[in-house]
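Residues per chain, in single letters:
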Amino acid sequence: MGFDPITLGTLAMAATTVASGAASASAQRQSAKATENAAKINADNLRAEANLQYKAGLENARRLQQDATRKIGAARLHTATASLLREGSVPIMEQALATRLQTEIQDETAEALRKTHSLYSQAQTEEYIGHSQARAQKTGAYGSLLSGFAHGANSLLKL
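As the structure is a prediction and not an experimental result, all values here were calculated from the model.

(A) Just the side chain of S144, in detail. Secondary-structure assignment places S144 in helix α2 (residues 89-157). For S144, a relative accessible area of 17% gives the class buried. Within the local environment of S144, its side chain forms a polar contact with the side chain of S24, the two groups lying 3.5 Å apart. Residue contacts for S144: discarding those within four places in its chain leaves G21, S24, A25 and Q28.

Now the structure itself:
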């Protein structure tokens, strides 16, 4: 019992269709893995940048604190050399200077924390988007595989 050429051609076409669907599905799954890995790497880079930003902000705040201490000391020295008594408006000026300097330190720290939080949020978003895209690609891979089998089966049903 032999097969006629039309039947063999249909079988070959069905097998090719199934193989094509399987190859497409495999490529989409590999693409999904690459997308997810790239998103993870990007998120890790953003987290590393956030950590550097945080450390830089703390260092800047520390330097501002040292500078504030120096400026307050210089202001006290200036009032002492001017032979002014430490009462009345002098302590008020020192307090105003200290308050202004402390505000600068707090502003610097707050800005560093805002930048750090923003980068961490970007990292989470990057991972979420990468994961979502990878899921969509995996779903597309299953669709390609099913489509290949369906077209192959349809070709066989025409026999």
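Past the structure itself, the notes keep going.
(B) Representation of the nonpolar core. Formed by A61, A68, I72, L97, L101 and I105, the largest nonpolar core amounts to 6 residues. For this core, the secondary structure elements donating two or more residues are α1 (5-81) and α2. Ranked by size, the runner-up nonpolar core spans 5 residues in total, among them A43, A50, L119 and A123.

(C) How the structure looks around the pattern of salt bridges. This model, assessed by the stated rule, comprises 11 salt bridges. Between E127 and R47 there is a salt bridge, with the nearest N and O atoms lying 2.8 Å from each other. In this pair, E127 is assigned in helix α2 and R47 in helix α1, connecting sequence segments 80 residues apart. The exposure class of R47 is partly exposed, given its relative accessible area of 23%. Here E59 and R62 are joined by a salt bridge, their closest N and O atoms 2.3 Å apart.

(D) Region of the structure containing a nonpolar patch on the surface. A cluster of nonpolar side chains, namely L8, L11 and L156, defines an oily patch on the protein surface of about 230 Å² accessible area. Relative to the elements of secondary structure, L11 occurs in helix α1. Using a relative accessible area of 32% as the deciding quantity, one classes L11 as partly exposed.

(E) Local environment of the side chain of T116. As for its position among the elements, T116 is in helix α2. Among the polar contacts listed, one links the side chain of T116 to the backbone nitrogen of Y54, at a separation of 3.5 Å. Look past the residues within four positions of T116 in its chain and what remains in contact with it is A50, Q53 and Y54.

Cut-off values and rules
Residues numbered from 1 in each chain as written. Predicted model: local features only at pLDDT ≥ 70, side-chain atom pairs only at ≥ 80, totals over all residues. Heavy atoms only, no water. Helix = DSSP H or I, 4+ residues; strand = E, 2+ residues; numbered from the N terminus. Buried < 20%, exposed > 50% of the residue type's maximum accessible area, 1.4 Å probe, protein only. Polar contact = N/O pair within 3.5 Å; in protein donor to acceptor, adjacent residues only side chain to side chain. Contact = heavy atoms within 4.5 Å. Core = buried A, V, L, I, M, F, W, Y, C linked by side-chain atoms within 4.5 Å. Salt bridge = Lys/Arg side-chain N within 4 Å of Asp/Glu carboxyl O. Patch = residues over 30% accessible without salt bridge, like charges linked within 9 Å, V, L, I, M, F, W, Y side chains within 5 Å. Areas by Shrake-Rupley, 256 points an atom, 1.4 Å probe, with all protein chains shown as cover.

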